[in-house]
Amino acid sequence: LVLCLVASNYFVTGLSKIAISPYGYEWFFKNRLSDFFLNMQQRGWLTSWSSSNQTALYDFLNKYSVLLQGFILVVEVGAIFILRNIKLACVLLCSFVLMHLSICLVSGILFWKWMLIDALLITIIIVNRNALIRELFTRSNFKISIVIVLFSFIWLRPYTIIWFDTKLNQFFVYEAEDVNGFTCELNKNDFNPYHQWIQYDKLWFLVNHEVLNVSGFGYTSNYSTKSTLDTISAQRLNQMIVNSGANKKNQKKSEEFANFLKVFFKNKNLQLSNNHWYNFIQAPNDLNGSKGCASKVFQEIKAIRVYYCLNLNINGKTLPVKKENILTVNI
């Protein structure tokens, strides 16, 4: 059952990539992982690499996106056959781990919990190989597993991770200022234990003008938006935002978020003054490569400023379009 649960999450995600494509093939043929890499680079991923290495990875992803996406689709959709035999189960689980490692290399997104489960299952299968061949990897169990995985979208409703990468990226950065006047952009992982929510950049309620339905990682589930952004120029972008965007400003949520920042950094200041070793214990970050300083380099933090950033990728280069201060909070 555990193998079926794991396989179901991958299988439904693979099918969903086909489902969001108007004719079934757009994600496979039209998506560009190179845009995903550029968008994550703007957030701080692999910025320590030399420009030649960054360009080489971009060119590789741009050239082989279809091949890499084909591998992802085959692995995810092929998860339905996980109980076909023990060798195929190990191959699929190893492929899941390889896929997650590749995603981490491209984006800094580390699905470490998924990888841990996959690795544990591989270990269990290898250690109990003979018993599992007799009792688990049988023809009848394989047929049952096909039904379980095939209809998992009904009984399990797994969370699917699907999108089209675009050439547009809109995200938020946080700037801190301490009592000595030292100012620096904050590393988003320093918002632990709320860092993952902060990383998702779903703060449209702070922005008092139209924004497109594109995430803080530069992706969208709407293929029409993706295809339009593929060929848009910087001059036409503002008009597209006005015509197709929406103003999601919410004053109540803005005030609640400002209060959250005030309370969080008041507590962070207490933590800075009591630098115990256990303050640094935490699980691995799900998203890595955030730019900026860790809060420990500051003295007492007195103000936080939040900026909305809009960038456009043109011919493999990032063009900054807008950076505006949308919120200032005095601590």
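Note that the coordinates shown come from a computational prediction; the quantities given were computed from them, not determined experimentally. (Residues numbered from 1 in each chain as written. Predicted model: local features only at pLDDT ≥ 70, side-chain atom pairs only at ≥ 80, totals over all residues. Heavy atoms only, no water.)

Trainee: Sorry if this is basic, but what is going on with the packing of helix α3 (residues 33–42) against helix α4 (residues 51–77) here?
Mentor: The geometry of a pair of packed helices is captured by two quantities: the angle between their axes and the separation between those axes. At their nearest, the axes of α3 and α4 sit 7 Å apart, and the two run at 140 degrees to each other. Taken together, the axes of α3 and α4 lie oblique to each other. On α4, the residues touching L33, S34, F37, L38 and Q41 of α3 are Q54, L57, Y58, L61, N62, S65, L68 and Q69. (Axes fitted to C-alpha atoms, helices over the stretch in contact; angles between N-to-C directions. Helix = DSSP H or I, 4+ residues; strand = E, 2+ residues; numbered from the N terminus. Parallel < 35°, antiparallel > 145°, perpendicular 65-115°, else oblique. Contact = heavy atoms within 4.5 Å.)

Trainee: I would appreciate a short explanation of the pairing of strand β7 (residues 301–314) in the present structure.
Mentor: Looking along a regular strand, one sees side chains alternate from face to face of the sheet. Counting buried residues along β7, 12 of its 14 residues qualify, which places the element largely inside the surrounding structure. Strand direction decides the pairing type here: strand β2 (residues 168–178) and β7, joined by 11 bridges, are antiparallel. Looking at the pairing, E177 lines up with A303 of β7. The sheet contact formed by β7 and strand β8 (residues 317–330) spans 12 bridges and is antiparallel. When the bridges of β8 are listed, I314 appears paired with K317. Where β7 folds back on β8, the antiparallel hairpin that results is connected by two residues, among which N315 adopts a positive phi of roughly 55 degrees. (Buried < 20%, exposed > 50% of the residue type's maximum accessible area, 1.4 Å probe, protein only. Pairing = 2+ DSSP bridges.)

Trainee: Looking at this structure, I do not really get the side chain of T225. What am I missing?
Mentor: Tracing the backbone shows T225 in helix α11 (residues 223–231). On the accessibility criterion, T225 (18% relative accessible area) is buried. Filtering out sequence-adjacent residues up to four positions away, T225 remains in contact with V214, T220 and M240.

Trainee: Would you mind showing me how to read the state of the cysteines here?
Mentor: Tallied over the full model, the rule gives zero disulfides. Cysteine C4 is unpaired, with the sulfur of C90 as its nearest cysteine sulfur at 15 Å. Look at C4 and you get buried, because its relative accessible area is 3%. Note on C94: no disulfide assigned, nearest cysteine sulfur contributed by C90 at a separation of 6.4 Å. Given the relative accessible area of 40%, C94 is considered partly exposed. (Disulfide = S-S within 2.5 Å.)

Trainee: Before we go on, may I ask you to explain helix α8 (residues 139–150) in this structure?
Mentor: Residue pairs three or four apart in sequence face the same way in an α-helix, which turns once every 3.6 residues. Taking 1.5 Å of rise per residue, the 12 residues of α8 would be expected to cover 16 Å, and the 17 Å separating its terminal C-alpha atoms lies within 8% of that figure. If you follow the buried residues of α8, they end up packed against α1 (2–19) and α9 (152–155). (Expected span 1.5 Å × (residues − 1).)

Trainee: What should I look at first to understand the pairing of β2 in this one?
Mentor: Of all the 11 residues making up β2, 11 are buried; the element is thus mostly covered by neighbouring parts of the structure. By the alternation rule, side chains of β2 split into L168, Q170, F172, Y174, A176 and D178 and N169, F171, V173, E175 and E177, which are all buried. Bridging between β2 and strand β3 (residues 183–185) involves three bridges; their strand directions are antiparallel. Within β3, the position partnered with E177 by the bridge is T183. Linking β2 to β3, which pair antiparallel, is a turn of four residues; within it G181 sits at a positive phi near 90 degrees.

These results come straight from atomic positions and should not be treated as a statement about function.
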